[in-house]
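# Analysis of the macromolecular model
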4 protein chains.
Amino acid sequence: MAESALKKKENGRGTRATDAEETRFNILEVATAEFADKGLSGARIDEIAERTNSSKRMIYYYFGSKEGLYRAVLERAYTAVREVDADNRRDDLDPDAALRDVVGVTFDYHNQHPEFVRLVMNENILRGAHVGEVPGIRERNRKVIDQLRAILARGVASGHFREGVDPVELHMTISALCFYNVSNRYTFSFGFERDMSSPKALARRRMSVIDVIESWCRA
Amino acid sequence: MAESALKKKENGRGTRATDAEETRFNILEVATAEFADKGLSGARIDEIAERTNSSKRMIYYYFGSKEGLYRAVLERAYTAVREVDADNRRDDLDPDAALRDVVGVTFDYHNQHPEFVRLVMNENILRGAHVGEVPGIRERNRKVIDQLRAILARGVASGHFREGVDPVELHMTISALCFYNVSNRYTFSFGFERDMSSPKALARRRMSVIDVIESWCRA
Amino acid sequence: MAESALKKKENGRGTRATDAEETRFNILEVATAEFADKGLSGARIDEIAERTNSSKRMIYYYFGSKEGLYRAVLERAYTAVREVDADNRRDDLDPDAALRDVVGVTFDYHNQHPEFVRLVMNENILRGAHVGEVPGIRERNRKVIDQLRAILARGVASGHFREGVDPVELHMTISALCFYNVSNRYTFSFGFERDMSSPKALARRRMSVIDVIESWCRA
Amino acid sequence: MAESALKKKENGRGTRATDAEETRFNILEVATAEFADKGLSGARIDEIAERTNSSKRMIYYYFGSKEGLYRAVLERAYTAVREVDADNRRDDLDPDAALRDVVGVTFDYHNQHPEFVRLVMNENILRGAHVGEVPGIRERNRKVIDQLRAILARGVASGHFREGVDPVELHMTISALCFYNVSNRYTFSFGFERDMSSPKALARRRMSVIDVIESWCRA
DNA sequence: TATGAATGAGCCTTCATTCAT
DNA sequence: TATGAATGAAGGCTCATTCAT
């Protein structure tokens, strides 16, 4: 992660700047957990400050306000996703395997990052009030769509996939299936008395989701 | 809706009983909007009271606490869904048409009831803290699953559907696709610059979702 | 007790009046317990009403206000004491035995009626704001003092008691010793790790108190 | 008083720390008056805050809750008593004079500190719910008992006092007589039409109380 | 850069009391 | 006489934010 690197960033003048970045980083870590846990209105500045290595005053010093801190948290979460996607190169896989890989990786990321899912849920509760101020989201998404479009094109060319699958629709479908599994875990697993968190249940669902996507694209 | 009926419930003695139920009903309506809008912690009892025909004191008279009111709202929302499902009889449709109907109705319900979607989102933010106290959820869900199981069985028998589709997985898939379209509307439509609310966009997505489900079940 | 008699008071017209008195009586019983338990400000009208056979409205119907009810409770408690004192005739005892009897009976009454002690405590917390409106207190007290004065006089005449003991001072001394044992039971028994409520402890303290009074009056 | 000393506590860095203690002290002073006046349930946080040099918010900052403030007040009152007792050395007085001194000082303290008496009354109304959390009470009391035991022993040795007087019983008797004179002032002075607050009345009662104790212990 | 103290506005909740029937 | 519904005022408590040092 980029943030880990920041922690040890050295400079010639001493340790001051590094301390500042460490403080910022530490606050963000704590705040991410809090906002993901309770939402914007449910989180408490006092509680965040308490779990921090620094103080409440520092939160305002660095982030200006509760909303400013929330925005910084949201941005950091989206940035982390971007980095994951950027890492993946699938040009050497055949279209079908590439698609399965995209779906699988997406599924795994959501499960491994419930805090991201919860932040996005909360942002939608707020009707996207702050997402507009997070830079770079659209660029990242275009890349994601481009990648899917390329895979689809290769699949159509190779006869694996049917024509007419819109890459944005495809992404929305993948995203919905992966997101829901984490976002609605509590109400669904209670209401349908079905475990959704065990490795076994996740593995099974993972396969189902891949299967859904594949059967939809197949020629 | 059942509540509308209550409003006019007649009794021999006059209108008193009806007034109390009207008050309760009115509070629930307003509270549903508020909790769906801002979540449990974001909603304000004062604001709910203001938009009500009665007073803050009456909220506590009838519901005991903010959480008590929230639970009543949650229960009412789930009850409303149950009633919709119960109304639908699909025995006279062929399996394929029945399945398409189920998906379409589910899709429409979510779009027409964003407040339900938002309440469920919020309840998941709260890690399902209150859903356990809403009676009847599991019974209703069993009926939903039974209905899907029957459709799947008929489809397998007629050769339309493949074997091995688990009805709970199927429901989860349908639900995810319909839910996400409303729940993540704000972040998705911003991030991918795609309209998700216009009648045209909804009609298109509705078809896609039906198509996803159908192609997954098809033999 | 006079109140018990009221419960069954019959009249020619039916049961209406009796019901009313029963209601009043029942409210007073419950209110006495509540006010003795929590004090005037700590007691809750709602809770009193709940434990009553009737309703909150009836409390206001019969007693006008929370304070009115409190005054009625106070009056009833003082009336009960009066009746106990009136019952006691000690002319046939020798002065020493009579004095011992007065002290013993007073000690026992306080222990058997902690609710009376607590009501008086509370009234003193209120700086005696309502005791002035309770009729008959002074008359009763004059009788008590007269009785003590007579006993002292007989004792002086017989050579048992010294001269110069003021009957009001004597009553104050008796009262203080009997009252404190109940009123300060909680802080004292905690602070000095001494049981003050067991039959054994009470019997011992009873003897001490009698002894204190006796040795003070003895010639 | 220890608190007065705290007000001027000096430190090298300036006056900040002192300000905080002043605020705490000021709140405690006002709260003591309020709780002594109205009891725990009768006291109003708003009113306390108003009479303070600081604000309602500060009360919660320093004491957490109304009960927390009440406990702090109770502790301070008990601490003050301890200090008074600790000051008194009576080894150079003969047993009789020492006992008279103990009783007189106790009598005076109660009269000069009605707020202490009222706090203890209130705590007993609450059935000693908080006294257990006040540290040091038992230690202080043991010292008081030890002192009495020593006086009694000296008196028995010198032939002034009889044997068999239990020091705890003695303390209870002294305490009862001194406490009652303040605690039941309102109901008693009304009921018996006797002044209990004038210097003259107090002086007279003081002598009586000393006399009661003395005659009880005398050989 | 850092910290403990302080704050005003507002939040959830409760109370004694009254009204309509 | 009796009851459920309703209320205004206030009570305890919490929040995000700022100040003094």
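From a predicted model like this one, the values you see are computed outputs, not experimental measurements.

## Here we look at the relation of the copies chain A and chain B
Superposing chain A onto chain B requires a rotation of 180° together with a translation of 0.0 Å along the rotation axis, leaving an RMSD of 0.1 Å. In short, the pair behaves as if placed about a two-fold rotation axis. Looking at chain A, 100% of its interface residues are interface residues in chain B too, so the copies touch through the same face.

## Some thoughts on the relation of the copies chain D and chain C
If you rotate chain D by 180° and push it 0.0 Å along the axis, it lands on chain C with an RMSD of 0.1 Å. When the interface residues of chain D are mapped onto chain C, 100% of them again lie at the interface, so the same face is used by both copies.

## Describing the protein's contact with DNA strand F
Within the structure, DNA strand F sits among 35 residues, and A:Lys56, C:Arg57, C:Tyr61, D:Lys56 and D:Arg57 are positioned closest to it. Looking at DNA strand F alone, sugar and phosphate atoms form 58% of those within 4 Å of the protein. Contacts to DNA strand F include A:Lys66, whose side-chain N or O atom sits 2.7 Å from a phosphate oxygen. Note that a sugar or linking oxygen of DNA strand F is positioned 3.5 Å from one of the side-chain N or O atoms of D:Arg44. Taken together, the elements giving at least two residues each to the surface near DNA strand F come down to helix H3 (45-51) and helix H4 (56-63) of chain A, helix H2 (16-42) and helix H4 (56-63) of chain B, helix H2 (16-42) and helix H4 (56-63) of chain C together with helix H3 (45-51) and helix H4 (56-63) of chain D. Classifying every residue of the surface near DNA strand F by side-chain character gives 14 nonpolar, 5 polar and 16 charged.

## Considering the UniProt feature "domain: HTH tetR-type" (unreviewed entry) in chain A
This chain's UniProt record puts "domain: HTH tetR-type" (unreviewed entry) on residues 21-81 of chain A. Here residues 21-81 of chain A is 87% helix and 0% strand, with 21 Å between the C-alpha atoms at its ends.

## Notes on the domain arrangement of chain A
All names here are of chain A. Looking at chain A, the domain boundaries give domain 1 (1-64) and domain 2 (75-217). Counting from both sides, the interface comprises 12 residues of domain 1 and, opposite them, 9 residues of domain 2. Counting every contact that joins domain 1 to domain 2 gives 1 salt bridge. Put simply, Arg76 and Glu29 hold a salt bridge, and the shortest N to O gap is 2.9 Å. Applying the counting criterion to the domain 1 and domain 2 interface returns 4 residue pairs in polar contact (both at pLDDT 80 or more). Mapped by element, the contributors of at least two residues to the side of domain 1 that touches domain 2 are helix H1 (2-8) and helix H2 (16-42). Tallied by class, the residues present in the side of domain 1 that touches domain 2 amount to 7 nonpolar, 2 polar and 3 charged.

## Structural notes on the protein's contact with DNA strand E
Among the 34 residues in the neighbourhood of DNA strand E, the closest are listed as A:Arg57, A:Tyr61, B:Arg57, C:Arg44 and C:Lys56. Of everything in DNA strand E that lies within 4 Å of the protein, sugar and phosphate atoms constitute 57%. Backbone polar atom of B:Ala43 to a phosphate oxygen of DNA strand E: 3.3 Å apart, as the coordinates give it. In the environment of DNA strand E, a base oxygen lies 2.8 Å from a nitrogen or oxygen atom belonging to the side chain of B:Lys56. Those elements that place two or more of their residues in the surface near DNA strand E are H4 of chain A, helix H3 (45-51) and H4 of chain B, helix H3 (45-51) and H4 of chain C together with helix H2 (16-42) and H4 of chain D. Looking at the surface near DNA strand E residue by residue, the classes come out as 13 nonpolar, 5 polar and 16 charged.

## Describing the UniProt feature "DNA-binding region" (unreviewed entry) in chain A
Per the UniProt record, the feature "DNA-binding region" (unreviewed entry) sits at residues 44-63 of chain A. Here residues 44-63 of chain A is 75% helix and 0% strand, with 15 Å between the C-alpha atoms at its ends.

## Concerning the interface of chain A and chain B
Bring the parts together and some accessible area is lost; that lost area is often taken as the interface size. Opposite the 53 residues of chain A that make contact, chain B presents 53 residues. Buried area between chain A and chain B, summed over both chains or domains, comes out near 5,200 Å², and the portion from carbon and sulfur atoms is 59%. Where chain A packs against chain B, one counts 16 salt bridges. The partner of B:Glu169 in a salt bridge is A:Arg205, and the shortest N-O contact between them spans 2.6 Å. Here chain A and chain B share 35 residue pairs in polar contact (both at pLDDT 80 or more) between them. Counting residues per element, the ones that place at least two in the side of chain A that touches chain B are H2, helix H7 (114-125), helix H8 (137-158), helix H9 (167-183), helix H10 (185-191) and helix H11 (199-217) of chain A. Considering each element in turn, the side of chain A that touches chain B owes the most residues, 12 residues, to H9(A).

## Observations concerning the arrangement of the chains
In this view chain B stays clear of chain C, with the nearest C-alpha atoms of the two still 12 Å from each other. Note that chain A does not reach chain D: the shortest distance linking a C-alpha of one to a C-alpha of the other is 12 Å.

## Some thoughts on the pattern of salt bridges
According to the stated counting rule, one finds 84 salt bridges over all chains in the structure shown. Where A:Lys56 meets A:Asp46, a salt bridge forms, and the shortest distance between an N and an O atom there is 3.1 Å. Pair noted here: A:Lys56 is in helix H4 and A:Asp46 is in helix H3, with a separation of 10 residues, a long-range link. Judged by relative accessible area, A:Lys56 falls into the partly exposed class, the value being 37%. Take A:Asp46: its relative accessible area is 47%, and that puts it in the partly exposed class. Across the pair B:Arg90 and B:Asp101 runs a salt bridge whose closest N-O atoms are separated by 2.5 Å. Separated by 11 residues along the polypeptide, B:Arg90 in the loop between helix H5 (66-87) and helix H6 (95-112) and B:Asp101 in helix H6 bring together distant segments of the chain. The structure contains a network of salt bridges with shared partners spanning A:Asp166, A:Glu169, B:Arg194, B:Arg204 and B:Arg205.

## Structural notes on the packing of aromatic side chains
As enumerated under the stated definition, the model contains 32 aromatic pairs over all chains in all. Seen from their ring centres, C:Tyr180 and C:Phe188 are 6.0 Å apart, and the 80° between their planes marks the pair as edge-to-face. You'll find C:Tyr180 and C:Phe188 in the same group, each marked buried. Against the face of A:Phe190 rests B:Arg138, its NZ or CZ located 4.2 Å from the ring centre.

## A few points about helix H9 (residues 167-183) of chain D
Residues spaced three or four apart along an α-helix face the same direction, because each turn holds 3.6 residues. Helix length check: H9(D), at 17 residues, gives a terminal C-alpha distance of 23 Å against a target of 24 Å (1.5 Å per residue), a fit within 8%. In terms of residue burial, H9(D) counts as a mostly covered element, since 17 of its 17 residues are buried.

## Some points on the side chain of A:Asn26
Its location among the elements puts A:Asn26 in helix H2. Within polar-contact distance, the side chain of A:Asn26 engages the backbone nitrogen of A:Asn53 at 2.7 Å.

## A word on the interface of chain D and chain C
The partner chain C presents 53 residues to the 53 residues of chain D that form the contact. The contact between chain D and chain C buries some 5,200 Å² in all, and 59% of this surface belongs to carbon and sulfur atoms. When residues of chain D are sorted by the area they lose upon contact with chain C, D:Ile125, D:Met172 and D:Phe190 head the list and together hold 13% of the total. The tally of links between chain D and chain C comes to 16 salt bridges. Here C:Glu193 makes a salt bridge to D:Arg138, at a shortest N to O gap of 3.9 Å. The tally of links from chain D across to chain C stands at 35 residue pairs in polar contact (both at pLDDT 80 or more). Listing elements by their share of the side of chain D that touches chain C, those giving two or more residues are H2, helix H7 (114-125), helix H8 (137-158), H9, helix H10 (185-191) and helix H11 (199-217) of chain D. Top contributing element to the side of chain D that touches chain C by residue count: H9(D), with 12 residues. Residue classes in the side of chain D that touches chain C are distributed as 20 nonpolar, 17 polar and 16 charged.

Calculation notes
Residues numbered from 1 in each chain as written. Chains lettered and ligands numbered in written order. Predicted model: local features only at pLDDT ≥ 70, side-chain atom pairs only at ≥ 80, totals over all residues. Heavy atoms only, no water. Least-squares fit on C-alpha atoms with pLDDT ≥ 70 in both. Contact = heavy atoms within 4.5 Å. Near = heavy atom within 4 Å. Polar contact = N/O pair within 3.5 Å; in protein donor to acceptor, adjacent residues only side chain to side chain. Helix = DSSP H or I, 4+ residues; strand = E, 2+ residues; numbered from the N terminus. Nonpolar A, V, L, I, M, F, W, Y, C, P; charged D, E, K, R; others polar. UniProt positions renumbered as here; feature names shortened; annotations may be inferred. Domains from an automatic or database assignment. Salt bridge = Lys/Arg side-chain N within 4 Å of Asp/Glu carboxyl O. Buried area = accessible area lost by both parts, 1.4 Å probe. Buried < 20%, exposed > 50% of the residue type's maximum accessible area, 1.4 Å probe, protein only. Phe/Tyr/Trp six-rings, centres within 6.5 Å; stacked < 30°, edge-to-face > 60°. Lys NZ or Arg CZ within 6 Å of the ring centre and 35° of its normal. Expected span 1.5 Å × (residues − 1).

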